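What follows is the residue order along each chain.
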Amino acid sequence: METPENEKFRDSIATVSAEGKRSWIFPKKPAGAYYKYRKLLSYFLLLFLFAAPFIKVGGNQFLMFNVLERRFNIFGFPFWPQDFHLFVIMMIIGVVFVIFFTVAFGRIFCGWICPQTIFMEMVFRRIEYWIDGDRTKQMKLDKMPWNAEKIRKRTLKWTIFFIISFFIANIFLAYLIGSDKLISYIQAGPFTNASTLIALLIFTGAFYFVFAWFREQVCIIACPYGRLQGVLLDNKSIVVAYDHKRGEKEKGRFKFRKNEDRAASGKGDCIDCFQCVHVCPTGIDIRNGTQLECVNCTACIDACDSIMEKVNLPKGLIRYASEDNIEKKAKFTFNARLKGYTAVLIILISVFLGMLFLRNDLEANVLRLPGQLYERKDNNVISNVYTFKLVNKTTQRIEDVNFKLLSHNGNIKMVKSSSLEVPEQGLAEGTLFIEINQAALSGDKDRLKIGVYSGDELIETTTTAFLGPRTYK
Ligand code: SF4
Ligand code: SF4
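Once a new chain begins, its residue numbering starts again from 1 and follows that chain's sequence as written. Starting at A for chains and at 1 for ligands, labels are handed out in the order in which the entities are written. Local features in this predicted model are restricted to residues whose pLDDT is 70 or higher, and side-chain atom pairs enter the listing and the counts only when it is 80 or higher, whereas totals over whole chains, interfaces and linings include all residues. Based on all heavy atoms of the structure, the side-chain values leave hydrogens and waters out of the count.

Caption draft 1: Representation of the sheet that holds strand S4 (residues 71–74) within the structure. If you walk across this open sheet you meet the three strands as S3-S4-S5, and the pairing is antiparallel. Unpaired on one side and paired on the other, strand S3 (63–66) and strand S5 (77–79) mark the two borders of the sheet. In this sheet, neighbouring strand axes are inclined to one another by 20° on average, regardless of whether the strands run parallel or antiparallel. The sheet contact formed by S4 and S5 spans three bridges and is antiparallel. From the neighbouring strand, Ile74 faces S5, where its bridge partner is Phe77. Any two strands with at least two DSSP bridges between them are considered paired. Numbering of helices and strands starts at the N terminus; helices are DSSP runs of H or I of at least 4 residues and strands are runs of E of at least 2. For every element, the axis is a line fit to its C-alpha atoms; helices are fit only across the contacting stretch, and the angle between N-to-C directions ranges from 0 to 180 degrees.

Caption draft 2: View of helix H14 (residues 299–310). Look at H14: 17 Å from first C-alpha to last across 12 residues, which is about the 16 Å you get at 1.5 Å a residue. Residue burial is assigned from relative accessible area. The probe radius is 1.4 Å, only protein chains are included, and a residue is buried under 20% of its type maximum, exposed over 50%, and partly exposed in between. Of all 12 residues making up H14, nine are buried, and the element is well covered by its neighbours. Among all positions of H14, only Ala299, Cys300, Ile301, Asp302, Ala303, Cys304, Asp305, Ile307 and Met308 are buried. Note on contacts: a residue pair is in contact if any heavy atoms of the two residues lie within 4.5 Å. Turning to H14, the residues buried within the fold contact helix H1 (33–51), strand S6 (239–242), helix H11 (244–248), helix H13 (275–278) and strand S7 (318–321). Expected helix span is computed as 1.5 Å times (number of residues minus one).

Caption draft 3: Local environment of the packing of helix H6 (residues 148–177) against helix H8 (residues 194–214). Contact pair H6 / H8: the axes reach a minimum separation of 8 Å and the direction vectors enclose 125°. Looking at the two axes, H6 sits oblique to H8. Between H6 and H8 lies a crossing of right-handed hand. Of the residues in H8, those in contact with Trp158, Phe161, Phe162, Ser165, Phe166, Ile168, Ala169, Asn170, Phe172, Leu173, Leu176 and Ile177 of H6 are Thr196, Leu200, Leu201, Phe203, Thr204, Phe207, Tyr208, Phe211 and Ala212. For this classification, Asp, Glu, Lys and Arg are treated as charged, while Ala, Val, Leu, Ile, Met, Phe, Trp, Tyr, Cys and Pro are nonpolar and the rest, including Gly, are polar. Classifying every residue of the contact of H6 with H8 by side-chain character gives 17 nonpolar, four polar and no charged. Geometric relationships in this document are graded by angle, where less than 35 degrees denotes roughly parallel, more than 145 denotes roughly antiparallel, 65 to 115 denotes roughly perpendicular, and other angles denote oblique. A clockwise turn of the near helix away from the far one marks a right-handed crossing, whereas an anticlockwise turn of less than a right angle marks a left-handed crossing.

Written as structure tokens, this is what we have:
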């Protein structure tokens, strides 16, 4: 079946030519109210992104994602592999939150908050405008042979792009291995830790490739979130949309003619100036309707508003609106789907906060030594041998740590000493014996409750199994 004329735009993407080659997008420099707000928000978010790994809360890095050592800090809270369940709940909250937001406000995240868009549009693209000029100058430069001007501009641009990519890679590494470690590596010199230097150069190369060449294709081809749009958006979702009712009216879009009475002529308010297309960083025509490529960057809203102002027509031909808002003039409503997502989100956040604040600073595990039975000692005392592991999640050393048996009358003897120290954000391991008189046992496998103390203060409890001889009554 042949594609209808008005749907033909869906058969191709703006960044790939009919021959299957890359079509370079030269978006016009945006200007307008939305761009001004986006700039302000972007600078704030960039500042946060660069500063977060160097901010400490209670001695913990504010944000850290050390996958190699499996240590994560979120808003200064340290998460250990033992807290994996909390981490999973947090990830689920993140996904539900993004779904909830997408259903209500489309890809607002992509245009305003996504680091890819912020770096591309507010850092790299702005440098490009500064060196190469706006759209028409960039196109001219692209077609130019490799003369002195082109070589100078390209060398300058690519060198700056590389330096910024290297800087971003360093920040990325600060999130990954911790800012303290990164600073110590820098102070020790680049060649003292060759593997980190190689990783740094690989990250630099990846960022350079994305921002200098791959660009908007990340959003169009690679990003799974963009693909989710089709299932998440409905007629009530608020997205950057072209008001086709107003833009087309009965006769469709027409070029603007001075002193014409556009309202009486039946022509749409769209004057077919293509400014919304030229400014689009993904190269689409928003007048074709909501498309997967649209990152809701609002550049077309600003472009169209400035045209409307010039031709004396009301602004908002392209605006934040839902399909229902355009078709039926319906107002935004908090529908059943949104209520459901909000309820799930509130429950998940409550569970997460509860678990987070009930979490102990010290995690204790006492496990029977595999393959060992029990040992009978003098006076009917039964002994079991265990290994223990203590994880200190705080930034303070925990001193004078000792164990006491809470559920039974008996003794706990650590092999090396009677107490130990657990270093800050570290662990202590060892072996211990538990001795209980057979008379105090209720069977051949008792469950014991053990208290972990710092001096006389109980800081954690844990349980373990204790084996004894089978008793026949
Ligand atoms: S900028 Fe506005 S008037 Fe110009 S083509 Fe786009 S929608 Fe039509
Ligand atoms: S259509 Fe408009 S909002 Fe969407 S990506 Fe293009 S310029 Fe941005």
